[in-house]
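Summary of structural features
The primary structure of each chain is shown beneath.
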Amino acid sequence: MNMLKQSLMGLALATALSTAAHAESVNILMEGVPDTEYVKALLPEFTKETGIEVNLEVVNYAEMHTKLVPQLVAPTGSYSAIVVDFYWVGEFTKAGWLQPLDDRIKADGFDTSVYVPKLMDLVGQVDGVTYMLPFYNYAMGLLYRTDLLADEQNKADYLAATGEELGPPKTWGEYLQQVKFFTKGDMKGVVNQGLRPDPIAMEWSNYLFANGGEYHDADWHATLNNPAGIAALDQYTTNVNEYGPLGSASFSFDEAFNVMAQDGAYSYITYNFFRAAIDDPSKSAVAGKVEIMPVPGQEPGVGASLNGAWGWAIPKSSPNPDAAWTFLKWVESHEIAKQRALQGGSPTRVDVFDDADVNAKYPYTGAMKDMLLTSHNFPVFTYTPQLVEVLGRELSLAVAGEKSSADALATVETEMNELAKKDGKLK
Amino acid sequence: MSRSLSMEAADRRFGWLMSAPGLALLLAVVLFPVFWALFTSVHEFTLIAPNFDTFTGVDNYVTAISDPAFRHSLWLTAFFVFAVVLIEFAIGFLVALMLNSVERFKPIYYGILLCPLLMNPVIVGLIWRMFLHPSLGIVNYLLTVIGFEPVNWLGSTKIAIWTIIMVDIWHQVSFMIVLLLAGLSALPREPYEAARVDGASVFQSFFYITLPLMMPVIIVTLLIRMIFAVKTYDLIYIMTRGGPGVATDLVSYAIYRTAFVSLNIGEASAMSAILLAFILLLTGYLYRYMRTLT
């Protein structure tokens, strides 16, 4: 009996000790993307420094929102920290699911001025309150084939056809001309990601900005059904149906990327993280033959790229917000942000963009920075996901020839105005 | 007499007692969610403001019904269900009849037929999306090898819904085969022997014996398959997201979007209740028809 008592006490003590040893752990839900892998690789350093374990739950993008919402609604959820796509910023802050970080930032002297201002606007502050620290950016850029541009025969043919020198396009008009020129036989001028809702909505946004358009005016009135918007949708439809591969109206970004990577197209407007992937010989038949640049605008030097980013946040339902903040400070410190960038991560801090080691390893870092600095933001408000749905549906209808560009954009305008009104943005 | 009555009452009580845990569980997992959804459907309940503070009456139902996109989804779903159930039944019954007369290697045929059914719909969608890639997929490659033009399987508004129907048939036809085959194997031998003695042909045996005897099994099979087909969501989510345009925007996917993209659980519940009403009506009709047969 005595022995049994001793054994039970020993077991209780061991359990208590092991619980104490693992008491501090941070749980984070993240998307299965390269930047998550770069964080994962550095986690042992964090545990060594702080004694805090980090458990990453990595899931597909499509599952994230569905998994997050029940945890955010609950008084105490299971996630210590979360990553927030810019789509969800309006919704999460309006619902009051995120903790303001300003007091913690001030108390610890964490410098947020190092972030690219556009990213702080997108996934940092809302109405002057800091809810997130920008994690990584996925601004869109123009991937184009440098070998096709350097080809002497192409240069001569292009000069004869257009009277212009062949080179990286300086304006949107020049780019569209090149798309037409490079569409010959099996080679297409462009590959598009026409799947609804987000792939087509995000890609078309670049066309809108390239034509000088914007989503709304200063009072949040939608401004899509106008010459810029209609031209953008007409051009998009033409590119998909005349200068793109068969079926690109239903391509998601991975399928479109595969066409580009398998030598099927001259260009592809896509997320910046594909720049590193296209140089991977195991995935790409055109490694070393592709470069990235900001989507050109109406004038040389004017960028038309769509901005996109994720931010780190601490939910109000976080079971251990202090430990979560310790992690956020560490993962967003200059040293760790630089290490992530050296693995191929997409920076959000200006000091990492300008870092000599990062630029030496990835010479296209400057182009990535330009892309970000000249990019345009998608409307961020409570109903951004609904706007993406409506936009995706209507653009897809126009590409399928079931609606004219003007009719499709008129519908988007009406529904966007209703959503903005519902959110109190449009008076 | 009174003793046998009291024994009967005791038996009944014992029966209720034994069934009680099962019934309680059924109430908890089936009826409670249904009533909760119905209650939600008459309130303004969103995930941003998850409360029952505002009673909306039939507003969510009116909004859903007056939305042309929802009505389109309902019609498209009706067409989809009709097409997949009919085609799967035709193929399934034919294969079941053939398998019923097979004597050797039956387990091998069963194994092959059951493979698609055992696969997760998400995997089925991903595999077929790869196979049907217009320029890198194997299907179009094989078509071009034998001299056909490549087909725009998922990018054309006219073809996309038929592509989804084809993939669904590939995935689910084995379900029909298995159920119908089970029904065929349970049929009595005597009527066939009598028919053979009377000189009936194979077709006469089929139309006058097999078909009437199989009718209850056929109705149940069609009913189950129909209910599953109405709920088709995974294939749409993986393969088309309702596009191109609204060509494959089935109702379950539309409800998902309303609930988890628009976060409008109240309206999504109303849409689900409308769908449930249609399914109950159809089920009731088929059940009554089955009762007249038996």
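Remember, predicted model here, so these are calculated numbers, not experimental data.

Re the overall build of chain A
- Across its full length, chain A holds 20 helices and ten strands.
- Over its C-alpha trace chain A gives a radius of gyration of 24 Å, about what one expects of a compact globule, namely 22 Å for 427 residues.
- By its C-alpha atoms, chain A is 95 × 50 × 40 Å across when sized along the principal axes.
- Taking all 427 residues of chain A together, 56% fall into the buried category.
- Taking contacts inside chain A between residues at least 6 apart in sequence as the whole, the part at least 24 apart equals 73%.

Let's talk about the sheet that holds strand S9 (residues 290-293) of chain A
Residues and elements named next belong to chain A.
- The strand order across the open sheet formed by three strands is S8-S7-S9, and the pairing between neighbours is antiparallel. Two strands lie at the open edges of the sheet, namely strand S8 (267-271) and S9, each paired on one side alone. For this sheet, the mean angle separating the axes of adjacent strands, direction not counted, is 30 degrees.
- Sheet topology note: the strand S7 (residues 140-145)/S8 ladder contains five bridges and is antiparallel. Paired with Met140 across the two strands is Tyr271, which belongs to S8.
- The sheet strands contacting helix H12 (residues 253-261) are S7, S8 and S9, and the helix crosses S8 at an angle near 140 degrees.

Re the interface of chain A and chain B
- Counting residues at the interface gives 32 residues for chain A, matched by 31 residues for chain B.
- Buried area between chain A and chain B, both sides added, is near 2500 Å², and the carbon and sulfur share of it is 63%.
- Broken down residue by residue, the surface that chain A buries against chain B is led by A:Arg196, A:Leu246 and A:Glu255, which jointly contribute 23%.
- Taking the shortest distance from any N to any O, the salt bridge between A:Glu255 and B:Arg129 comes out at 2.3 Å.
- Where chain A meets chain B, there are ten residue pairs in polar contact (both at pLDDT 80 or more).
- Top contributing element to the side of chain A that touches chain B by residue count: helix H19 (residues 384-399) of chain A, with six residues.

Quick word on the packing of helix H9 (residues 202-230) of chain B against helix H12 (residues 265-293) of chain B
All names here are of chain B.
- Following both chains from N to C, one finds H9 and H12 inclined at 175 degrees, their axes separated by 10 Å at the closest point. In terms of orientation, H9 lies roughly antiparallel with respect to H12. On the side of H9, the interface is formed by Met215, Pro216, Ile219, Val220, Leu223, Met226, Ile227 and Val230, while H12 contributes Leu275, Ile279, Leu282, Thr283, Leu286, Tyr289, Met290 and Leu293.
- Among the residues forming the contact of H9 with H12, the class breakdown is 15 nonpolar, one polar and no charged.

Quick look at the domain arrangement of chain B
Residues and elements named next belong to chain B.
- Under the domain assignment, chain B is made up of domain 1 (1-41) and domain 2 (59-293).
- On a C-alpha basis, the centroid separation for the pair domain 1 and domain 2 is 34 Å.
- Taken together, the contacts link five residues of domain 1 with eight residues of domain 2.
- Note on domain 1 versus domain 2: buried area summed over both sides is about 430 Å², and carbon and sulfur give 65% of it.
- Contact with domain 2 buries area across many residues of domain 1, yet Leu38, Thr40 and Ser41 alone supply 76% of it, more than any other trio.
- Linking domain 1 to domain 2 there are zero salt bridges.
- The tally of links from domain 1 across to domain 2 stands at two residue pairs in polar contact (both at pLDDT 80 or more).
- In terms of residue class, the side of domain 1 that touches domain 2 is made up of three nonpolar, two polar and no charged.

Focus: the side chain of A:Arg393
- With respect to the helices and strands, the residue A:Arg393 is situated in helix H19.
- Residue class for A:Arg393 comes out buried when judged on its relative accessible area of 16%.
- Contact partners of A:Arg393, with chain neighbours within four places excluded, come to A:Arg196, A:Thr411, A:Glu415, B:Gly245 and B:Val246.

Overview of the domain arrangement of chain A
All names here are of chain A.
- What the domain assignment reports for chain A is domain 1 (25-130 + 309-373) and domain 2 (140-307 + 384-422).
- Here the C-alpha centroids of domain 1 and domain 2 sit 29 Å apart.
- Listed as interface residues are 15 residues of domain 1 and, on the opposing side, 16 residues of domain 2.
- Both sides of the domain 1 and domain 2 interface together cover about 1400 Å² of buried area, and 67% of this is carbon and sulfur.
- The largest per-residue losses of area from domain 1 upon contact with domain 2 belong to Tyr87, Tyr364 and Met371, which jointly make up 49% of the total buried on that side.
- At the boundary of domain 1 with domain 2, the tally comes to one residue pair in polar contact (both at pLDDT 80 or more).
- Sorting the residues of the side of domain 1 that touches domain 2 by element identifies helix H6 (117-123) and helix H18 (365-373) as the ones contributing at least two each.

Some points on the pairing of S7(A)
All names here are of chain A.
- Where burial is concerned, most of S7 is hidden: six out of the six residues are buried.
- Of the two faces of S7, both are covered, the one formed by Met140, Leu142 and Tyr144 as well as the one formed by Gly141, Leu143 and Arg145.
- Bridging between S7 and S9 involves four bridges; their strand directions are antiparallel. Paired with Tyr144 across the strands is Glu291, a residue of S9.

Quick look at unusual backbone geometry
- Of the consecutive residues A:Arg196 and A:Pro197, the connecting peptide bond is found in the cis state with omega at 0 degrees.
- Structurally, the position occupied by A:Pro197 is in the loop between helix H9 (172-182) and helix H10 (198-210).
- The peptide bond linking B:Gly243 to B:Pro244 adopts the cis configuration, its omega dihedral lying at -5 degrees.
- You will see that A:Asp127, though not glycine, has its phi angle at about 50 degrees, which is positive.
- Relative to the helices and strands, A:Asp127 is located in the loop between strand S4 (125-126) and strand S5 (129-130).

What counts, and at which threshold
Residues numbered from 1 in each chain as written. Chains lettered and ligands numbered in written order. Predicted model: local features only at pLDDT ≥ 70, side-chain atom pairs only at ≥ 80, totals over all residues. Heavy atoms only, no water. Helix = DSSP H or I, 4+ residues; strand = E, 2+ residues; numbered from the N terminus. Rg over C-alpha atoms; globule rule 2.2 N^0.38 Å. Buried < 20%, exposed > 50% of the residue type's maximum accessible area, 1.4 Å probe, protein only. Contact = heavy atoms within 4.5 Å. Pairing = 2+ DSSP bridges. Axes fitted to C-alpha atoms, helices over the stretch in contact; angles between N-to-C directions. Buried area = accessible area lost by both parts, 1.4 Å probe. Salt bridge = Lys/Arg side-chain N within 4 Å of Asp/Glu carboxyl O. Polar contact = N/O pair within 3.5 Å; in protein donor to acceptor, adjacent residues only side chain to side chain. Parallel < 35°, antiparallel > 145°, perpendicular 65-115°, else oblique. Nonpolar A, V, L, I, M, F, W, Y, C, P; charged D, E, K, R; others polar. Domains from an automatic or database assignment.

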